[in-house]
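Survey of secondary and tertiary structure
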Amino acid sequence: MPELPEVETVRRQLEPALVGRRFERVEILDPRLVRPLEPLEVAAELEGERVVAVERRGKYLIVRFESGRVLLIHLRMTGSLRHVRDGLQEDPHRRAVVRLDDGSDVTYRDVRRFGTWVVVEPSDVGPYLDARLGAEPLERSFSTARLAERLAGRRAPIKAALLDQRTLAGMGNIYADEALWRAKIHPLTPAAALDEGGVQRLTRAIKEALRAGIARQGATLRDYARPDGGSGSMQHEFKVYGRDGEPCDRCGTPIAKTRVAGRGTWFCPVCQGSAPQAASSSSNRPSRSRRHSSV
DNA sequence: CTTTTTCCCTGGACGC
DNA sequence: TGCGTCCAGGGAAAAA
């Protein structure tokens, strides 16, 4: 499942292949990819456009054209992009093909068809992304203070808050678990219950986990692949994700699995604290089931 | 406002 | 071998 490190890897490989190239022919093979618009309509909009930049925001790939228009690609669960120079091979899961003006092709494959391609006019790009995404975790604007601000007052589990793209952009189920392990925070800890030290550790852990993922060109579990067809290797570095029963790298305790926010969640029951309430919040009064005082 | 649940979608794993 | 069932999960939308 492509998260920030995977999308960034895709971006880095596609950038040199796409910048300066013109979209000569565009085929949308699955109408669902561009819904509610018609495939032919979207293809017509894209044909003739010349790429000036390939950027990333959260898990969105941003293809910028000379005209100012933008193609936003989201891979969701199983989407993957490939750049090939030697013609196309059979692939029942191919959902789109772009022929570039140098004769090479960019193909889009997506088994489960959750991915989306959206063409956005220049003035709509900022609002579209800002409405959905919080800070970029690897940019300077992302700080302990910024994260603390986004977690304040939230009673949802910290894991759920990390999966919310408006808290910060780009975390998915894998790197959320990995970051929480690095920060030694239990995934069920209420977000607002983290003290300053906890938020600080988490901020650092998020950056470290994502950078580790980028350094290894992402994690290939099933469907994710780089545009050159190769695999990432981050899956070999997982500390908790998918490792229930295996010993924790820090303390040897078997990794536990539970479910948070409807997602499989792995953690070390010792390193990350066995009870969420145990997340010490010294300054918080021990209010019971205190509801909003009526009138 | 926040939080939770449902839905989309397919293929792989597993039980019988 | 061939079913039926469950699971994987990002994010939009609906429900609570």
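Bear in mind the structure is a predicted one, so any value in this text is a computation, not a measurement.

1. Digging into the domain arrangement of chain A
Per the domain assignment, the segments of chain A are domain 1 (4–132) and domain 2 (144–278). Distance from the C-alpha centre of domain 1 to the C-alpha centre of domain 2: 29 Å. If you look at the interface, domain 1 gives 20 residues, while domain 2 gives 20 residues. For the domain 1 and domain 2 pair, buried surface summed over both sides reaches about 1700 Å², with 59% attributable to carbon and sulfur atoms. Ranking the residues of domain 1 by area buried against domain 2 places Pro5, Glu6 and Gln13 at the top, with a combined share of 31%. Applying the counting criterion to the domain 1 and domain 2 interface returns zero salt bridges. The interface formed by domain 1 and domain 2 holds six residue pairs in polar contact (both at pLDDT 80 or more) in total. For the side of domain 1 that touches domain 2, the secondary structure elements donating two or more residues are helix 1 (4–18), strand 5 (79–84) and helix 3 (122–132). At nine residues, helix 1 tops the list of elements feeding residues into the side of domain 1 that touches domain 2. Per-class residue counts for the side of domain 1 that touches domain 2 are seven nonpolar, six polar and seven charged.

2. A word on the sheet that holds strand 3 (residues 60–65)
Spatial ordering of the open sheet is given by 2-3-4-8, a layout of four strands whose pairing is antiparallel. Only two strands of the sheet have a single partner each, and these edge strands are strand 2 (51–57) and strand 8 (116–120). Across this sheet, the average inter-strand angle for adjacent strands is 20°, counted without regard to direction. Bridging between strand 2 and strand 3 involves six bridges; their strand directions are antiparallel. Each residue of the ladder has a partner; that of Val51, found in strand 3, is Phe65. Lying on the sheet, helix 1 is in contact with strand 2 and strand 3; it crosses strand 2 at an angle near 175°. Packed onto the sheet, helix 3 meets strand 2, strand 3, strand 4 (70–74) and strand 8 and runs at close to 170° relative to strand 3.

3. Some points on empty space enclosed by the protein
This structure, assessed with the given rule, holds one cavity of 30 Å³ or more. Taken as a whole, the largest cavity spans an internal volume of roughly 60 Å³. Lining the largest cavity, in full, are Leu14, Leu18, Phe23, Val63, Leu71, Ile73, Leu81, Val98, Val106 and Trp117. Elements with a contribution of two residues or more to the lining of the largest cavity: helix 1 and strand 4. Here the lining of the largest cavity is composed, by residue class, of ten nonpolar, no polar and no charged.

4. Some thoughts on the protein's contact with DNA strand C
Neighbouring residues of DNA strand C: 16 residues in total, closest His74, Arg112, Phe114, Arg259 and Arg263. Sugar and phosphate atoms constitute 58% of the interface atoms of DNA strand C, taking the interface as everything within 4 Å of the protein. With respect to DNA strand C, the side chain of Gln165 contributes an N or O atom lying 3.2 Å from a phosphate oxygen. One of the side-chain nitrogen or oxygen atoms of Arg259 is found 2.7 Å away from a phosphate oxygen of DNA strand C. The residue inventory of the surface near DNA strand C, partitioned by class, reads five nonpolar, four polar and seven charged.

5. Concerning the protein's contact with DNA strand B
DNA strand B sits among Arg32, His93, Val111, Arg112, Arg113, Phe114, Arg154, Arg155 and Ala156. The sugar-phosphate share of atoms of DNA strand B within 4 Å of the protein amounts to 69%. Classifying every residue of the surface near DNA strand B by side-chain character gives three nonpolar, one polar and five charged.

6. A look at the pattern of salt bridges
Across all of its chains, the model carries 27 salt bridges by this definition. Between Arg154 and Asp164 there is a salt bridge, with its nearest N and O atoms 3.2 Å apart. Pair noted here: Arg154 is in the loop between helix 4 (144–151) and helix 5 (158–163) and Asp164 is in the loop between helix 5 and helix 6 (173–183), with a separation of ten residues, a long-range link. One network of salt bridges, in which partners are shared, links Glu8, Arg11, Arg12, Glu15, Arg56, Arg57, Asp130 and Glu136.

What counts and how
- Along each chain, numbering runs from 1 in the same order as the chain's sequence is written.
- Chains and ligands are labelled sequentially in the order written, the chains with letters from A and the ligands with numbers from 1.
- A pLDDT threshold of at least 70 governs which residues receive local features in this predicted model, and a stricter bar of 80 or more applies before side-chain atom pairs are shown or counted, although totals over entire chains, interfaces and linings include all residues.
- The basis for every side-chain value is the complete set of non-hydrogen atoms in the structure, without hydrogens or water.
- Where each domain begins and ends is defined by an automated method or by a domain database.
- We call two residues in contact when some of their heavy atoms are within 4.5 Å.
- Throughout, buried area stands for the accessible area (probe radius 1.4 Å) lost by two parts on being put together, summed over both.
- The term salt bridge refers to a side-chain nitrogen of Lys or Arg lying within 4 Å of a carboxyl oxygen of Asp or Glu.
- The definition of a polar contact used here is a pair of N or O atoms within 3.5 Å, where within protein one atom must be able to donate a hydrogen and the other to accept one, and adjacent residues in sequence count solely through side-chain atom pairs.
- Helix and strand definitions here come from DSSP, where helices need a minimum of 4 consecutive H or I residues and strands a minimum of 2 consecutive E residues; each element is numbered from the N-terminal end.
- Any residue that is not Ala, Val, Leu, Ile, Met, Phe, Trp, Tyr, Cys, Pro, Asp, Glu, Lys or Arg is counted as polar, Gly included; the first ten are nonpolar and the last four charged.
- Note on pairing: DSSP must find at least two bridges between two strands before they are called paired.
- To get an axis, a line is fitted to the C-alpha atoms, and for a helix only the part in contact is used. The angle between two axes follows their N-to-C directions and goes from 0 to 180 degrees.
- Definitions used throughout: a 1 Å grid over protein atoms alone; a cavity as a set of points that fits a 1.4 Å probe which cannot get out; a pocket as an open set with protein on both sides within 12 Å along at least five of seven lines; a lining residue as one with an atom within 4 Å of a point.
- Grid points are joined across faces, edges and corners, and a volume is the space filled by probe spheres set on the points.
- We call a residue near a given molecule or strand whenever any one of its heavy atoms falls within 4 Å of it.

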